[in-house]
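# Observations on chain architecture
Here's the letter readout for the chains.
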Amino acid sequence: MSNTIRIAVVGSGYVGLVAAVCFAEMGHNVICVDNDQQKVDALRSGDCLIHEAHLPELLERYRNSRVRFTNDLGEATRGADAVFIAVGTPQGDSGVADLSYVEAVASEIARSLNSYTVIVEKSTVPVYTNEWIRRVMERNGVAKHLFDVVSNPEFLREGTAVRDFLHPDRIVVGTDSERAAAVLSKIYEPLTSGGYYEQPGAIDGFCTSSEPPPLLLTSTKSAEIIKHASNAFLALKISFINAVSNLCEAANADVEQVARGIGMDSRIGPRFLRPGIGYGGSCFPKDVAAFRCVAEELGVDFSLLAEVEKVNKDQKIRFLNKVRSALWTLRGKKLGVLGLSFKGGTDDIRESPAIELVRMLIAEGCSIRAFDPAAMTRAEHVLPAGSSLQYVSDEYAASNDVDALLILTDWSEFGRLDLQRLNRLMRYPIVVDGRNLYEPDVMLKNGITYFSVGRPTRHHMHELAATGTR
Ligand code: UGA
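Residues numbered from 1 in each chain as written. Predicted model: local features only at pLDDT ≥ 70, side-chain atom pairs only at ≥ 80, totals over all residues. Heavy atoms only, no water.

## Remarks on the packing of aromatic side chains
Using the following cut-off: Working definition: a ring pair exists when centres of Phe, Tyr or Trp rings (six-membered ring for Trp) sit within 6.5 Å. Plane angles under 30 degrees give stacked, over 60 give edge-to-face, the rest tilted. Secondary structure follows DSSP: runs of H or I at least 4 residues long count as helices, runs of E at least 2 residues long count as strands, and numbering of each begins at the N terminus. For the exposure calls, accessible area comes from a 1.4 Å probe over protein chains only, and a residue counts as buried if that area is under 20% of its type's maximum, exposed if over 50%, partly exposed in between.
Taken as a whole and judged by the stated rule, the model has eight aromatic pairs. Geometrically, the ring pair formed by Phe272 and Phe284 is edge-to-face, given 6.3 Å between the ring centres and 65 degrees between the ring planes. Pair noted here: Phe272 is in the loop between helix 10 (255-263) and helix 11 (284-297) and Phe284 is in helix 11, with a separation of 12 residues, a long-range link. Owing to a relative accessible area of 23%, Phe272 belongs among the partly exposed residues under this scheme.

Structure representation (structure tokens):
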């Protein structure tokens, strides 16, 4: 194998596009394939299609040089040492992952292979998918010595995808072939050797040349399970802290203090213990359901995952009830909404708890003034503006003359609002914060009644009455 590795990435969604430009940043020649010609044209002209830090600059640097875009999978496969499959695996009936895109791509790769190629699953797939890919290759008459199938799951988060890709906690390579392991090790060598981190202009992050990321070699099936189990465990952590936050509300304790206290135990760790309105996005809801289905199919009782899903669903209802109890009744109320994306830093609204809550509030008879720094265009496609919903230009326009302001997404700028200005703009100074972006005392000092998650509510009027001030 020569030093230049030729990589084809199939699919230009979050994982595919980020992987393609990051492989280029690592020095490889990449061809990124998508069957949507409009997407291919947009990418060729430098339009990233998604809101993601560092992506525009990397795309600009490498498009039409080290990264090329095409809709011709056959051509891309024929010239590649490794083909990464990064197409969608949407949720099918009753939670089972729909693998039809993976299968279609595998068949097309099979028809084009003419020399040894490593086929890499990068999409999140259930255990045994690698065996199905292998079978598809064999059914299409590809000789065994011409290919290997590897599972190389991706752990990037939307909003920090480029940094996560180039500064991973670990790189998991699942394969039962030494030859394929050698190809993957070579692809990731710029990261695992630390060389990349010394490169001028390298994207900043926690990995360094003296502390490069480890590459973990496993069996293919273990790697497939590592991906599902990682997402399911993170979702479980979130549901756990959300359940604890409910307990804190009942006991009048502070979940932020509790999360800090348990997170300081290094066996537990502080991350993914932020309570809120439940997890969303294109991964956790789908992957927890798919993992539950995998367990069922294999005859394993993993009902813990059903509980994780139940807590997550209930968390939205609890928030709705919190708004109701803050305002007494909902019908006819005018509400400001900050945040529509499923989390801060992204314009993605898939499975966004914020979107679901806006829908529920409209169904309850509220009218909404909504603002999101990046997701409003996407939101308008699923929630068109109308008499009950207006999209506005900033946080203060959303607060204008409202009965309460709701914070539904953890955009960092929502945590830095001018609270005096907010107070003056709102009809009633009530904030219901689903992301705990403020210290309750700060809100109180600014004359705002503040409801948050898992913390005692601070009522401005009550506390002033109790201290005899006004
Ligand atoms: C998630 C995983 O974090 C990635 O490791 C994985 O690669 C990715 O799925 C995937 O499978 O592709 P992502 O969906 O981008 O990444 O977003 P997260 O940052 O994990 O957040 C997911 C949801 O959980 C969001 O709605 C977020 O607001 C919520 N969350 C997260 C909490 O409610 N509390 C937390 O403490 C953390």
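Having seen the structure, we can now continue with the description.
## A word on the domain arrangement of the chain
Put simply, the rule is: An automatic or database domain assignment provides the domain bounds reported here. Whether two residues are in contact is decided by their heavy atoms: any pair within 4.5 Å suffices. A 1.4 Å probe defines the accessible area here, and the buried area is the portion of it lost by two parts on being joined, summed over both. The term salt bridge refers to a side-chain nitrogen of Lys or Arg lying within 4 Å of a carboxyl oxygen of Asp or Glu. Each polar contact in these results corresponds to two N or O atoms within 3.5 Å; when the atoms are within protein, one needs to be able to donate a hydrogen and the other to accept it, and residues that are neighboring in sequence are counted only if both atoms are side-chain atoms. Throughout, the ten residues Ala, Val, Leu, Ile, Met, Phe, Trp, Tyr, Cys and Pro are labelled nonpolar, Asp, Glu, Lys and Arg are labelled charged, and all others, Gly among them, are labelled polar.
Domain annotation for the chain reports domain 1 (6-218), domain 2 (227-310) and domain 3 (315-467). On the domain 3 side, the residues contacting the seven residues of domain 1 number 10 residues. Both sides of the domain 1 and domain 3 interface together cover about 570 Å² of buried area, and 39% of this is carbon and sulfur. For the domain 1 face of the interface with domain 3, the top three residues by lost area are Tyr14, His51 and Glu158, together amounting to 76%. The tally of links from domain 1 across to domain 3 stands at one salt bridge. In this structure, Glu158 engages Arg350 in a salt bridge whose closest nitrogen and oxygen atoms are separated by 3.6 Å. The tally of links between domain 1 and domain 3 comes to four residue pairs in polar contact (both at pLDDT 80 or more). Tallied by class, residues from the side of domain 1 that touches domain 3 come to three nonpolar, two polar and two charged.

## Remarks on empty space enclosed by the protein
The condition that has to hold: Of the grid points, spaced at 1 Å and generated over the protein atoms alone, those admitting a 1.4 Å probe that cannot get out make up cavities, while open sets with protein on both sides within 12 Å along at least five of seven lines make up pockets; any residue with an atom within 4 Å of a point is treated as lining. Grid points are joined across faces, edges and corners, and a volume is the space filled by probe spheres set on the points.
In the structure shown here, the tally under the stated rule is two cavities of 30 Å³ or more. Put simply, the largest cavity is a space of about 50 Å³. At the level of secondary structure, the elements contributing two or more residues to the lining of the largest cavity comprise helix 9 (220-251) and helix 12 (304-327). For the lining of the largest cavity, the leading source of residues is helix 12, giving four residues. Of the residues assigned to the lining of the largest cavity, the class counts are two nonpolar, three polar and three charged. Lining the lining of the largest cavity are residues from two domains, each supplying at least three of them: domain 2 (227-310) and domain 3 (315-467). In this model, the second largest cavity occupies a volume close to 40 Å³. For the second largest cavity, the full set of lining residues is Glu121, Lys122, Ser123, Thr124, Val125, Ser151, Asn152, Pro153, Ala223, Glu224 and Lys227. The greatest single-element share of the lining of the second largest cavity, amounting to three residues, is contributed by helix 9. Its residues placed into classes, the lining of the second largest cavity shows three nonpolar, four polar and four charged.

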